[in-house]
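Remarks on the overall topology
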Amino acid sequence: MKVFKFGGASISNMDRIAQAGDILKTYGGQKILVVVSAMGKTTNSLEKVAEAFYNGQQDEALTLFEAIKKNFLTLANYLLVKGYNDAYAQALDIFTEVEWLLHDRPVRSFDYYYDQIVCSGELLSSIVVSAYFNEAGIRNTWVDVRDILRTDNRFRDASIDWLFTQEKINTAFIPLFDVSDIVITQGFIGATAENESSTLGREGSDYSAAVFANMLQASELTIWKDVAGVMSADPREFPQATAIPHLSYEEVIEMAYYGAQVIHPKTIKPLQNKNIPLQVKCFLDRELPGTLISDQQTPDLPPIIVIKRNQALISLHTLDFSFAGEKPIAALYRLLAGAHMQPNLLQTGAIRIEICVDDKDDKIEKLALAASTIFDVQVERGLSLLTIRHYREDSIAQLTDGKKIRLRQQTPKTAQLVLAD
Ligand code: ADP
Ligand code: ASP
Ligand code: MG
């Protein structure tokens, strides 16, 4: 059994959906679970629907959703012939789920509504992809992942109930492969015990695919991307970046954690835990070798550059010149845990602690306020965190040229710098 994941870019238009079909045809006779994301930038558009709805702009939310519906139906109409009516009926259920909600007034949290609305992106894309594949002779079964993948109710950042989901996979999912070799489902979304939709965090469908690979004991997971593989930097910013043929799980988890968008950081653990290889392949040219990620260590790697933007540096100074010892640090970690914040970098001194964190929502204000009873707190925003694995001194100099270095940490393998423009 293999698991394939097609992301937003790989199914963003008709030609690309057809191309995904061509890829699958070359694997004829093999059992493959196909996990898809929402098409193109649909998730961003759905986020706007959720925001308008929650801000009380009901008409605006309905108009924005109508545009998403229209795009979807136009695409389905062009792509499908025989399968159109069935796909339309299936999509109508999804539209109705969302529109029912948009006609109400918000009484629960934003995150709850976000998940109920945003999950429709993956449902719709999987419906059209499944219908198109069936029409193209790639017989497949479509599954609403919300019947299989159970999560807790931390909306927008839900955690998977592994026991329940594994049981469902064994009893309700694996038997579907007796009906057809290909099963199609959604990444990024799941459902709570109360049957409410939940999402696993932005870009989370790589992670869903890895969870399925783990639970299905798959022989490999292949993630199809619009790049030649995992590269030495984001090719959008560094055109000279090169694809790296082999990487270890450890290398990739480090890259992803510090911001390499190509793979969601949570993807690696479920694969490493069962030693399942991960292939990152280019859907634009499937002859390219791509990148194989496994437990094999890879010596002689080039410098690998990762940039995480939208960082804030929080500088904490003890109020009365007492040491920033175990008690203040323990108190700070309690505050971080309470705010669900992970420091990307942390540096301690005699009376100072510096932490670099993602600047998300209003978490920093809340943390700064809470920490101000123990520390004098200063916050600098709009920074970026540069990570260079396998660095050379000249690569650091080049990449920091003209920037102000706010914090620097270096091990023999990795250099990390917090930079201001
Ligand atoms: P998906 O279609 O699965 O959502 P993404 O757009 O999230 O794919 O991820 C692919 C993008 O990741 C590429 O287009 C590329 O610009 C970016 N990227 C960032 N860092 C890297 C890297 N080190 N190697 C390859 N791609 C990278
Ligand atoms: N569609 C979701 C997002 O854009 C999940 C994903 O693409 O992985 O975040
Ligand atoms: Mg993505």
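Structural notes, computed from the coordinates.

Thresholds applied
- Residues numbered from 1 in each chain as written.
- Chains lettered and ligands numbered in written order.
- Predicted model: local features only at pLDDT ≥ 70, side-chain atom pairs only at ≥ 80, totals over all residues.
- Heavy atoms only, no water.
- Helix = DSSP H or I, 4+ residues; strand = E, 2+ residues; numbered from the N terminus.
- Rg over C-alpha atoms; globule rule 2.2 N^0.38 Å.
- Buried < 20%, exposed > 50% of the residue type's maximum accessible area, 1.4 Å probe, protein only.
- Contact = heavy atoms within 4.5 Å.
- Areas by Shrake-Rupley, 256 points an atom, 1.4 Å probe, with all protein chains shown as cover.
- Pairing = 2+ DSSP bridges.
- Core = buried A, V, L, I, M, F, W, Y, C linked by side-chain atoms within 4.5 Å.
- Near = heavy atom within 4 Å.
- Polar contact = N/O pair within 3.5 Å; in protein donor to acceptor, adjacent residues only side chain to side chain.
- Nonpolar A, V, L, I, M, F, W, Y, C, P; charged D, E, K, R; others polar.

**Observations concerning the overall build of the chain**
- Looking only at helices and strands, the chain has 13 helices and 16 strands in total.
- Here the C-alpha atoms of the chain give a radius of gyration of 23 Å, agreeing with the 22 Å that 2.2 N^0.38 yields for 421 residues.
- With 421 residues in all, the chain has 53% of them scored as buried.
- In the chain, the proportion of contacts linking residues at least 24 apart, taken out of those at least 6 apart, comes to 74%.
- Counting only carbon and sulfur atoms, one obtains 51% of the accessible surface of the chain, whose full area is about 19400 Å².

**Observations regarding the pairing of strand β16 (residues 414-420)**
- Extensive coverage of β16 is indicated by the burial of seven of its seven residues.
- As defined by bridge partners, strand β14 (residues 375-389) adjoins β16 across six bridges and the pair is classed as antiparallel. By the bridge assignment, Arg389 is partnered in β16 with Thr414.
- Of the strand pairs in this sheet, strand β15 (residues 404-410) and β16 are connected by six bridges, and their pairing is antiparallel. Looking across to β16, one finds that Ile405 is bridged to Leu419.
- Counting the residues in the hairpin turn of β15 and β16 gives three residues.

**Concerning the nonpolar core**
- Residues Val128, Phe173 and Phe212 are the most contacted members of the largest nonpolar core, which totals 123 residues.
- Setting aside chain neighbours within four positions, we find Phe212 in contact with Val3, Leu33, Val35, Val145, Ile148, Leu149, Ile169, Phe173 and Thr185.
- Of all hydrophobic cores here, the second largest spans 17 residues; its members include Ile353, Ile355, Val357 and Ala368.

**Some details on the environment of Val183**
- Note on placement: Val183 falls in strand β4 (residues 182-186).
- Accessibility expressed as a relative area gives 0% for Val183, which makes it buried.
- Sequence spacing of Val183 and Lys308 is 125 residues, and the spatial spacing of their C-alpha atoms is 35 Å.

**Some words on the site of ligand 2**
- Taken together, Ser37, Ala38, Thr43, Glu122, Phe188, Arg202, Glu203, Gly204 and Ser205 form the complete shell of residues around ligand 2.
- Within the contact set of ligand 2, a nitrogen atom lies 2.7 Å away from a side-chain nitrogen or oxygen of Glu122.
- In the model, an oxygen atom of ligand 2 is placed 2.5 Å from a nitrogen or oxygen of the Ser205 side chain.
- Alone, ligand 2 offers 260 Å² of accessible surface; in the complex the protein occludes 93% of this.
- When grouped by side-chain class, the residues that make up the shell around ligand 2 number two nonpolar, four polar and three charged.

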